[in-house]
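# Overview (structure and organization)
Listed below, chain by chain, are the residues.
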Amino acid sequence: MSAFSQNEEDRSENIKYPLVIEDLRKSYPIESGEVQNVVEVESFELNQGSQLAIQGASGTGKSTFLNLIAGIVKPDIGVIRMGEIELSNLSEHARDRARAQLIGYVFQNFHLLQGCTALENVMVSMAINQNATRDRARELISNVGLSKKENFLPSQLSIGQQQRVGIARALANTPKLMLADEPTGNLDSENAKRSIDLLSSLCSSNHCTLLVVSHDEKIINRFEKSMHWQDINRAKGFDFEY
Ligand SMILES: Nc1ncnc2c1ncn2[C@@H]1O[C@H](COP(=O)(O)OP(=O)(O)O)[C@@H](O)[C@H]1O
Ligand SMILES: [Mg+2]
């Protein structure tokens, strides 16, 4: 399929979107003129609705892997498919649309707009979607337990609350796939546990696939299914310590 069209959007409620990756590679040049292989994934699959936590050390390509899936980073080669949509083969515009419609992203550093309230941060990410409504954003804010603080700015929220806004925002467009990159990296252990359980249960109730990467074993252990990144990634990078 060459483009993410309006038709696909209309049908998207009924379609299954397993994530399938084949022979995906990404390298970066390093100072000496050599290249550093960062990601080399021969095959990787995730069924629609499943949840997987991937554990790996820092600097070994986990964020790059998620950014490749999200279309933020372009692969050297490889295929990334969600259902029948080949994300790796879309034009930039179609890829941006597909990403907005299909993929949610929770970041370690939240990436909230500091001048916008909690509610507005969720609404902004719905702007690309025709059915964007304040009501939906309020429902999402309520789902993460922040109704009373919906008009607060990020700077008026605790770190844990900011991450909950990040989770609500990532769910705004009812994604089929949620990517979470060290989502609890900036939280204390109690907030980390709460955030990860909230993310997991909201993904379940939204029939959304969840892929979490973390270096933190305590987070990984909260998931039924987990894998080691070095069993997925064959790249032996410059400074990897496998
Ligand atoms: N845009 C980039 N340009 C050059 N090197 C990069 C870039 N992004 C990541 N890298 C390198 O790729 C490696 C893996 O980084 P990253 O994916 O962030 O690892 P992790 O998320 O596992 O900590 C690191 O050595 C990093 O320096
Ligand atoms: Mg990272």
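This report concerns the structure included in the present document. All values derive from a computational prediction rather than experimental measurement.

Of note, histidine 111 is a non-glycine position whose phi angle comes to about 55°, a positive value. Relative to the helices and strands, histidine 111 is located in the loop between strand S6 (103-106) and helix H4 (118-124). A residue is classified by how many C-beta atoms lie within 10 Å of it, and histidine 111, with 12 of them, is exposed. A positive phi angle is found at histidine 207, which is not glycine, with a value near 55°. For histidine 207, the position within the fold is in the loop between helix H7 (189-205) and strand S8 (209-214).

Here we come to the sheet that holds strand S2 (residues 35-46). Read from one edge to the other, the open sheet built from four strands follows the order S2-S1-S4-S5, with strand pairing classed as antiparallel. If you trace the sheet from one side to the other, it starts and ends with S2 and strand S5 (85-86), each paired once. The sheet contact formed by strand S1 (residues 19-29) and S2 spans 10 bridges and is antiparallel. Bridge pairing in S2 links leucine 19 to leucine 46. Strand contacts of helix H2 (residues 62-70): S1, S2 and strand S4 (77-82), with the helix running at about 60° to S2, the strand carrying the most contacts.

Quick notes on the rules
- One numbering rule holds for all chains: residues counted from 1, following each sequence as written.
- A letter from A marks each chain and a number from 1 marks each ligand, given out in the order of writing.
- Residues qualify for local features only when their pLDDT is at least 70, as the model is predicted, and side-chain atom pairs are given and counted only at 80 or more; totals for whole chains, interfaces and linings, by contrast, use all residues.
- Secondary structure elements follow DSSP: runs of H or I of four or more residues count as helices, runs of E of two or more count as strands, with numbering from the N terminus.
- In this scheme every C-beta is placed from the backbone, and a residue whose C-beta has 20 or more other C-beta atoms within 10 Å is buried, one with 12 or fewer is exposed, and one in between is partly exposed.
- Note: two strands are recorded as paired if DSSP finds a minimum of 2 bridges between them.
- For every residue pair, C-beta atoms are placed from the backbone, and the pair is scored as a contact if these atoms sit within 7 Å.
- Each axis is a line fitted through C-alpha atoms, taken for helices only over the stretch in contact, and angles between the N-to-C directions span 0 to 180 degrees.

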